[in-house]
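The residues making up each chain are set out below.
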Amino acid sequence: MKAATKPIHAVTTWVRRQPPKVKAFLGVVSAMAALVLLRVIVHDHDNFFVAAEAVHALGISVLIYKLTKEKTCAGLSLKTQELTALFLAVRLYCSFVMEFDIHTLLDSATLVTTLWVIYMIRFKLKASYMEDKDNFPIYYVVIPCAVLSVLFHPSTHHHIINKVSWAFCVYLEAVSVLPQLRVMQNTKIVEPFTAHYVFALGIARFLSCAHWVLQVWDTRGRLLTALGYGFWPIMVLLSEVIQTFILADFCYYYVKSLMGGQLVLRLPSGVV
């Protein structure tokens, strides 16, 4: 096992020593290579969206285990859970009035479990909630997302309220994890269950991003026209890419820690 980890350690050490521009380039190249590989392996790219929801559900299952078995919510951000519940509720409303499909059912299940997590943190396990570490102001993300949704939203035939609401949940989902990252930045030490949950979020966001990018690729850009005109299609893709790269740095250190056999993830300064 140690012999197998030596090449990995050498690669990670080399990457860590590179300047930020080189790291960014390597990240983009790796992401493009992963997308090409996924395109070859998976023929029905709609499965990526279902897989993203499944991985997200798996992450929430880890949270449920942590809250019920460990009896603690230390290291978890209540604000991220509240933002998640908010964009899921708005997206469910849009699904009911605009397009009811399997995604509506998946979002309903995710919203119920997220509300349960919020209940546990707020009431049952309040004593272990690290409120002083969960200090990211929610209005830093809610207000900009609301403004963006008014400026850039779908140009479909739906009512303006529905179109703005749909845009709002797209933008809010992209940045909803920021309070959780702030908590981890403040503590520097991330216990296993929280690390598993955030890593699952990162994988789910990547699969969701892959779904959109490969759909655009397969339709040779026609999907962008189907989404509407103006800046909206670009904003959708940009939101998907942003929410993927927000968690990319954490996922890198998570995999590195896992390969090193460390149960507790220790984040260096400047990460997240």
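Before any of the text, the structure's been laid out above.
An account of the accompanying structure is given in this report. Keep in mind that this is a model prediction, so the values were computed, not measured. (Residues numbered from 1 in each chain as written. Predicted model: local features only at pLDDT ≥ 70, side-chain atom pairs only at ≥ 80, totals over all residues. Heavy atoms only, no water.)

1. Let's talk about unusual backbone geometry
Consideration 1: The backbone of K71 sits at a positive phi, close to 60 degrees, despite the residue not being glycine.
Consideration 2: Following the sequence through the fold, K71 ends up in the loop between α3 (47-70) and α4 (78-98). (Helix = DSSP H or I, 4+ residues; strand = E, 2+ residues; numbered from the N terminus.)

2. Focus: the side chain of T110
Consideration 1: As for its position among the elements, T110 is in helix α5 (residues 102-124).
Consideration 2: In this structure T110 comes out as buried when scored by relative accessible area, which is 5%.
Consideration 3: Dropping the residues within four chain positions of it, T110 is found in contact with E53, H56, I60 and L88. (Buried < 20%, exposed > 50% of the residue type's maximum accessible area, 1.4 Å probe, protein only. Contact = heavy atoms within 4.5 Å.)

3. Remarks on the packing of aromatic side chains
Consideration 1: In the structure shown here, the tally under the stated rule is 4 aromatic pairs.
Consideration 2: Relative to F193, the ring of Y65 has its centre 5.2 Å away and its plane inclined at 45 degrees; by these criteria the two rings are tilted. Placement of Y65 in helix α3 and of F193 in helix α9 (residues 192-218) is noted, with a sequence separation of 128 residues between them.
Consideration 3: Taking the relative accessible area as the measure of exposure, Y65 reaches 40% and is therefore partly exposed.
Consideration 4: The exposure class assigned to F193 is partly exposed, which follows from its relative accessible area of 22%.
Consideration 5: Each member of the aromatic cluster is reached from another via a ring pair, and the members are F136, Y139 and Y140. (Phe/Tyr/Trp six-rings, centres within 6.5 Å; stacked < 30°, edge-to-face > 60°.)

4. Concerning the side chain of E240
Consideration 1: Mapped onto the fold, E240 is located in helix α11 (residues 232-259).
Consideration 2: Buried and unpaired, E240 has no salt bridge, with R91 as the nearest side chain of opposite charge at 6.7 Å.
Consideration 3: Discounting residues that sit within four places of it in the chain, E240 has contacts with R205, S208, C209 and W212. (Lys, Arg positive; Asp, Glu negative; His and termini not counted. Salt bridge = Lys/Arg side-chain N within 4 Å of Asp/Glu carboxyl O.)

Just distances and angles here, no functional claims.
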